[in-house]
Structure formats: structure tokens, C-alpha cells
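# Examination of the molecular architecture
Single-letter residue listing:
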Amino acid sequence: MTDNTNIEGFTNPEEISDNDEENEITNIKKKICKKSGGFQSMALSHPVLKGILKRGYKIPTPIQRKTIPLALEGRDVVAMARTGSGKTACFLIPLFEKLKARQAKTGARALILSPTRELALQTLKFIKELGRFTGLKAAVILGGDSMENQFSAIHGNPDILVATPGRFLHICIEMDLRLNNIEFVVFDEADRLFEMGFGEQINEITNRLPESKQTLLISATLPKLLVDFAKAGLSDPVLLRLDVESKIPEQLTLSFIVCRAEEKLAVLLCLLKNVIKNDSQTVIFAATMHHVEYIHQVLEKAGISSTFIYSNLDPSARKINAAKFQTGKIRVLIVTDVAARGLDIPHLDNVINFNFPAKSKLFVHRVGRCARAGRTGTAYNIISPDEYAYLLDLHLFLGRSLRIIPHSGSIENTDGAIGRMPQAMIEEELAELINWHNCSTDLENMERVCDNAYKQYIRSRPAASSDSIRRVKELHISEAGVLPEYSDVSSSTTNLLSKIVNYRPRGTIFEIGAKTTSIDYKIMKQKRTLHKENIQNFHRKEDDLKTKQNLEDLPERASLPSSTADEINAAFNTVVLPKKRNLEVLYKLPKKKKRQLTQDEEFFIPYSAPDKHTEEGLAVNSFNTEAERIQMDLTADDEESYRRQTQIKKWDRKKKKMITVNNDGKINKIRTESGVWIPASYKSDRYKAWKEKSKVDAANDDDSEEESPQMLKLKTTPNTHWARHNQKIKEKMKKNHELKRPEQILKARKLKEQKLKRNGRKNRKGQKRNAKKY
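Model, not experiment: these values are computed from the prediction.

The rules we used
Residues numbered from 1 in each chain as written. Predicted model: local features only at pLDDT ≥ 70, side-chain atom pairs only at ≥ 80, totals over all residues. Heavy atoms only, no water. Helix = DSSP H or I, 4+ residues; strand = E, 2+ residues; numbered from the N terminus. Buried < 20%, exposed > 50% of the residue type's maximum accessible area, 1.4 Å probe, protein only. Contact = heavy atoms within 4.5 Å. Areas by Shrake-Rupley, 256 points an atom, 1.4 Å probe, with all protein chains shown as cover. Pairing = 2+ DSSP bridges. Axes fitted to C-alpha atoms, helices over the stretch in contact; angles between N-to-C directions. Parallel < 35°, antiparallel > 145°, perpendicular 65-115°, else oblique. Patch = residues over 30% accessible without salt bridge, like charges linked within 9 Å, V, L, I, M, F, W, Y side chains within 5 Å. Salt bridge = Lys/Arg side-chain N within 4 Å of Asp/Glu carboxyl O. Lys, Arg positive; Asp, Glu negative; His and termini not counted. Charge placed at Lys NZ, Arg CZ, Asp CG, Glu CD. Phe/Tyr/Trp six-rings, centres within 6.5 Å; stacked < 30°, edge-to-face > 60°. Lys NZ or Arg CZ within 6 Å of the ring centre and 35° of its normal. pLDDT = per-residue confidence, 0-100. Polar contact = N/O pair within 3.5 Å; in protein donor to acceptor, adjacent residues only side chain to side chain.

A tally of regular secondary structure across the protein chain gives 30 helices and 18 strands. Here the protein chain holds 774 residues, and the buried ones make up 40% of them. Counted over contacts in the protein chain with a minimum sequence separation of 6, partners at least 24 positions apart contribute 74%. With an accessible surface of roughly 47,900 Å², the protein chain has 52% of that area assigned to carbon and sulfur atoms.

Next up on the list: the sheet that holds strand β3 (residues 138-141). The 7 strands lie next to each other as β3-β4-β2-β5-β6-β1-β7, forming an open sheet whose pairing is parallel. At either end of the open sheet lies a strand with only one pairing partner, and these are β3 and β7 (238-241). Recorded for the sheet is a direction-independent mean angle of 15° between the axes of neighbouring strands. Here 4 bridges tie strand β1 (residues 77-80) to strand β6 (residues 214-219), and the two strands are oriented parallel to one another. Considered in β6, the bridge of Val 78 is made with Leu 217. Here helix α3 (residues 62-72) sits on the sheet in contact with β1, β6 and β7, set at roughly 175° to β1.

Across the interface, helix α2 (residues 46-55) lies against helix α5 (residues 117-130) with an axial gap of 8 Å and an inter-helix angle of 110°. On the basis of the axis angle, α2 is roughly perpendicular to α5. Counted together, Gly 51, Ile 52 and Arg 55 of α2 and Phe 126, Glu 129 and Leu 130 of α5 form the full contact between these two elements.

Residues Lys 755, Lys 757, Arg 758 and Arg 761 make up a contiguous surface patch of positive charge. Assignment of secondary structure puts Arg 758 in helix α30 (residues 742-773).

Turning our attention to the packing of aromatic side chains. For any pair of aromatic rings, the description rests on two quantities: the centre-to-centre distance and the angle between the ring planes. This model, assessed by the stated rule, comprises 8 aromatic pairs. Measuring from centroid to centroid gives 5.7 Å for Phe 151 and Trp 690, while their planes differ by 55°, and the two rings are tilted. One end of the pair, Phe 151, is in helix α6 (residues 147-155); the other, Trp 690, is in helix α27 (residues 686-694), and 539 residues separate them in sequence. Note on accessibility: Phe 151 and Trp 690 belong to one class, buried. Judged by centre distance (5.8 Å) and plane angle (10°), the rings of Phe 308 and Tyr 310 are stacked. Note on accessibility: Phe 308 and Tyr 310 belong to one class, buried. Above the ring of Phe 126, the side-chain terminus of Arg 55 is found at 4.9 Å from the ring centroid.

This next bit is on the confidence of the model for the protein chain. Confidence in the prediction for the protein chain averages 75 pLDDT; 69% of positions are at 70 or higher. Across residues 570-589, confidence stays below pLDDT 50; counting only partners more than four residues off in sequence or on other chains, it has 35 contacts. Under a pLDDT of 50 for its full length, residues 701-706 has, in the predicted model, 12 contacts with residues more than four places off or in other chains.

Moving on, we get to unusual backbone geometry. Outside of glycine, negative phi angles account for most residues, and trans bonds account for most peptide bonds. The phi torsion at Glu 189 lies on the positive side, around 50°, for a residue other than glycine. Classification of Glu 189 as buried rests on a relative accessible area of 5%. Even without being a glycine, Asp 236 presents a positive backbone phi close to 50°. Mapped onto the elements, Asp 236 comes out in the loop between α10 (224-233) and β7. Overall, Asp 236 belongs to the exposed group, its relative accessible area being 58%.

Tracing the backbone through its elements, the reader meets His 291 in helix α12 (residues 289-301). Given the relative accessible area of 7%, His 291 is considered buried. At 2.6 Å, the side chain of His 291 and the side chain of Thr 288 are in polar contact. Once residues within four sequence positions are removed from consideration, His 291 is found in contact with Ala 286, Phe 354, Asn 355, Cys 450, Ala 453 and Tyr 454.

Have a look at this one:
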């Protein structure tokens, strides 16, 4: 029985022969295999291809299929794709192909910069898995780790350095590290690097790198700051912008749950207990580290196993907690935005946004942790009234229509719909939470700390767009109905509770509990009768708007199958399409009559770009936020400015008087080779002390020094008699060729003088002996 199936990318061994005709057939088959689009068709070396197949990769993703051939040609590439599309392998596979094999004497030849510790450690893990057959050595340089261990790691001459920018620049200045041998540079999550404030460090590191390097920028978004950096630092770069229109994976299901601010924790417990399966893994995103610790304590009370990660946590604890979740020992991980980028947690099922992100770009990266590489996932979003405007900004950014669940009727497709949970479910969990807080002082204190932290968070949170803030009042999101997947409680109880929550009394605070003879009551009564017609007209307009929305949300229109684009083009020669974003349709508002203006299409320049909302969502810094920070105060006109002015002088305990502090920005800073000012605290004697302690000779650290032909001839197999003999000869040759210090030169002169004196005495004694003989 013969098997005719061929392995893709490899030829059949039976067909290989020495004849020319058979060789031509084999070449034709290889060309056919190249059209298959697999990793075998990329002309990769055997160790790299073996590592890819052992890792389990079979078919490259679209971004990998486009990026890897360009990187193998030596081109500078800016690769942009949505999260979870396999961007890490895009730069690791060309990196392995460029470095080929281990070179111990050369030093680091590739540099990968990552924004966070977790992403750097994950990249190191991928390097060890994909490149285990290449023999390449990699080292990681992270902030918070021991600098002495990092000194020894660099002295081990690794081929690949994975680092965070701040600590790597510190090491470069501390060791006077030369990066002349770097051939391949990768900026992983480049937009996040600039967003986290690493711009100055990246520019300084780039100035230290050779001009002949190959650079890859890997990012999920493309802000203007990144485009400017690519213009300045890259030579003739190629931009690959794939999957930009989708922004979020197609397999991801969105669920928006609205509630009051004090009910958020109860909604979270309802999701974890009743909706999310017990065997699934969930990541919860919170606003601050205090919220993370508070949620962790509440989940422990509820009997749900959880762990947490935030930036101020000890690095070893962060590593241990991440490993617990990745190995599946714990089902819930509570994090801040430190884990929103780059982390690949296998088989992650759900993401919960406990605090809705202020930036749409941040939402994309948060929910991008699940539904990666073709898997399915769900993103639950718990939204309070102060976050409604950011919800509208998100829908503008994604280009989706805003669909609110009505009280009466239902929607067939609830993906991305906005609704609420049954109030009975929330009240049950809320009662249990109140009981826990009454019995535990720790929870009460943590709740108070979280309230204060949230107030500070709101002060630093960027504001939503003015259009969204204005339209929030017209949409009545807080009056949304119950989502169908959560409506397992009787409708009568739910409707009653929702009416109680949404009840607004007709009287004002001046009328409730006041006597009819009081002045306040009489004035408000007169005011109410005066504006009675206006109030009735306002309520009538609201009722009309609700009825229109309910009519639009009726499911009768969605029952018919939709037509395809080919069918429409076949039926109609001319198709008139609407604008890219129609705000009235998006928000389902009544259409307004607009004046018809004639404009010249050739010379007309619109006030705003068609992709205005997308670019605002991708922006790292905007003019409005920067202009708010910059101000010039001639005199202090508020408490904060007055406090800053008084800080210019301080009390000196030695001089026993007030001294003026020099407020110059360049004090305690050093200027680097490229002219950038950085803090002088970077430079210390830690490396010098480590060298003395480790007895590392500076002459052995020079990577650029090449061995002479005589030294190369003395190379033999290690751990033999001749190897030890040749090592002694090498040391003697090094002593003869090395530069001597002034003390060594003086000592050598003294020894030479002593030898001359001895020789002079011997000559005199010999002359006397000869004289006596004669």
C-alpha cells in the first residue's frame, strides 16, 4: 500500500536521484511548495525550522507571512497588527536567521526593548523555546533585579539582550558599554514604550547603536510620535498595517453592563459566581493598586481563588503570581494596566473591566488578552454613570452602533449591546457584601482607601470628548433593560426593583417635609406653575424619543437574510454610499434639518479629517493636555503654586539658616555623548567595585580585540596537558603586549638600574682578577 500524501515543504526521499531530469522535477516541486505559504516556504535554516515545528507552529499568521520575508531581506520594518496576531514570532524568526549561531567573542548582536518586566520575561521564554536548536545565548536586563548579576550576565557575552529601556541605559552608562556589534534591534510594543515615558532613554540608546543595524518596530497602534521616530531612526522603512479596521478579534464577544458605582463589586461577584464557568480563567482590570488589593480580599472572602499584579509589587512576587495564573493553579488574576500589553496567557477565557478605561486604545489592549490566535473569549465591562461618555468614545473608535437594550421587547444579537443585570441578583450579593464589611474592619479600611484612591484617579484621568459628554444626557443609558443572558429572575421582581431605583420624586428638596405655609414651599409652587408647560413639553419629547428608539430596535427587520456585495453590484450599476460615520445612525438620534451648502470638491478642505476619532484614540499626547500642563505664574494665586514657591528655600542644619535651592534643571545631571541630559545618579562606582570583587581583568572585557595568529595557533581541546601548557604561553604573550601602568614602568626602570649596577660590579671584579694575573 503506497501513501501518496506529501509533507508540505519537503520532497519525497524516493524521488531524489543524481539525474538532471529528476533534479529538475525536485526543483519544480520545491517551487510549488513555496506557494503554500507555510514556514517551510520561507527558506529558513534547519535549526530555526525545527524549533518552530517543535513549538507547535504550523501555519504563519497574516502579519508573520508579510513581515518575516521582508525582515530576512534586511529591510527596516514597522509591523502593526491587532493584539494576539503573533507579532513576537515576527521578529524572533528573522533574528535567529540573522545571527545563525553562537559567537562567544563578539558579544551582544541583537537587542530587544520591552516596556514591562512581564513582557520581557515572556520574550525570553519564547527565545529559549523557538531558538533552542540554534545554540544562541540570551540574557535579560530588568529594573528591580540585582545589578551585579546583570554585570556578570553581560560579561558572559550573550548573543541576544532582552531589556527594559530604563535599566539598560543605566547599565550602558555604568559599564561604558559599547554597542558596536549590535546588528538587529527590536522595539516591542513601541507605542507603549513612548507612552510610558521612555522616549528620552530610547533616543539615547538609539544614538549609541551603529548605523548599519536593522530595526523592527512592533506595535498594535501607530500614533504620530511613533511615525516621527520611524522617520528619524529608520532607513527606508516598510509599513505593514494589517487588521487595522477590525481593531478587536472577531471571536471576541463584548458585554456592557451598566450599574451604579456602589453596585460594581456586587456585579463582579455575580459574574464570577453565576455567569463565568468555574474551570475558566479570568483577568480583572482595576484602576489602582488599592482597588486590586481590595478586590483580592473580597474574592478571598467569597471563596474564589485569586492573585494580583501591580507595578509597585516586588519583582519576585510579580513573577510568582504570574506563574501561578499561567500554570492554571488560580482561576482569577487581578491587575492594573501594567499587564494590559503583550502578555500571552494561554487559554485565557474572559476579561473583566472593573473600571472602564479612559482611552479607547487601552480598551483594545485590555480585551486583546483573550481571543488570541483564533481562540474565543468574552470581555465583560462594568460601567458606572461617570464612565458613560468613555463608552460613547469607544463606539466611535470601533465604528460600532450604540445598541441599548429596551425595557419592552428584545434584541436578537446581544453581542455588544448595553444592558444591566437583574436587580434581584445584585441585591443578594450587595447584602452579603454589607455583612462582610460590618464584620471586618480590614475591608472597611480598604474600602475607604479605595474611595480616596479613586478620587485621585479621576483627577488624573483624561476627559472624554465634548460630543460624547453632551450626548450622554440624551441617550438615557441608565434606563437600559436587562440583558437576556442574565434574565433568570422573574420579570415582575426585576421591573419593580428597577422602578424603585429609577424613581425620581416630583417635588424638590424645598417642598418635601415642609409646611404649606412656609415661604420656600410657596415660592417653589409659584415657580412650578410658571414653568408647567415647559416641563410637560420636555417630558413629552423624552417619551417620543424612547418610542422611536423602541421602534428601531424591533427585531422584525432583522429576520430577513442580508444581501452580499456581489449581489448588489450585479443588480445596480451605481451605488450611493453614506459617509464613513453617520453620527445620527450611530447614536440613533432624530435627524436634524441641515442647510444645503454647495462646495467645490476639488478645492474644499474639511474642518476635521474622516478618521478624526480613530486618531484621537491612538494619540499618546495631544495639544490640549500638553497646553493644560504648561503655564507661567508671575505670582502665586493658589495654594499649590504658593507651596511650590516656598519650596525654593530650605533650612540647612549645618549652617543653621535658610538657604536657596538652585532650581536649575541641569543640576545633578550629566550630558551623554549625544548631548542628552540624564540624572547623574545613573553613574556610580558599583561596576568598579564589582570588578574588583570579582577580579575581572579589564583587558579580557574588550570585545573588539582580535586574537593574533600566534594565539589562534595555540587553540587545542580543553582539559588536556597541551591546553594548560598553551594557556601559560598565552598569558606570557599577553603580558608582553599589554600596556603598562606608570607604576609598572618605574618599577621596571629600577630593576634595570639594579641589574646594571650588578653588572658593573662584576666587570670591575673581573678586571681586577685579570690585572693580578698579569
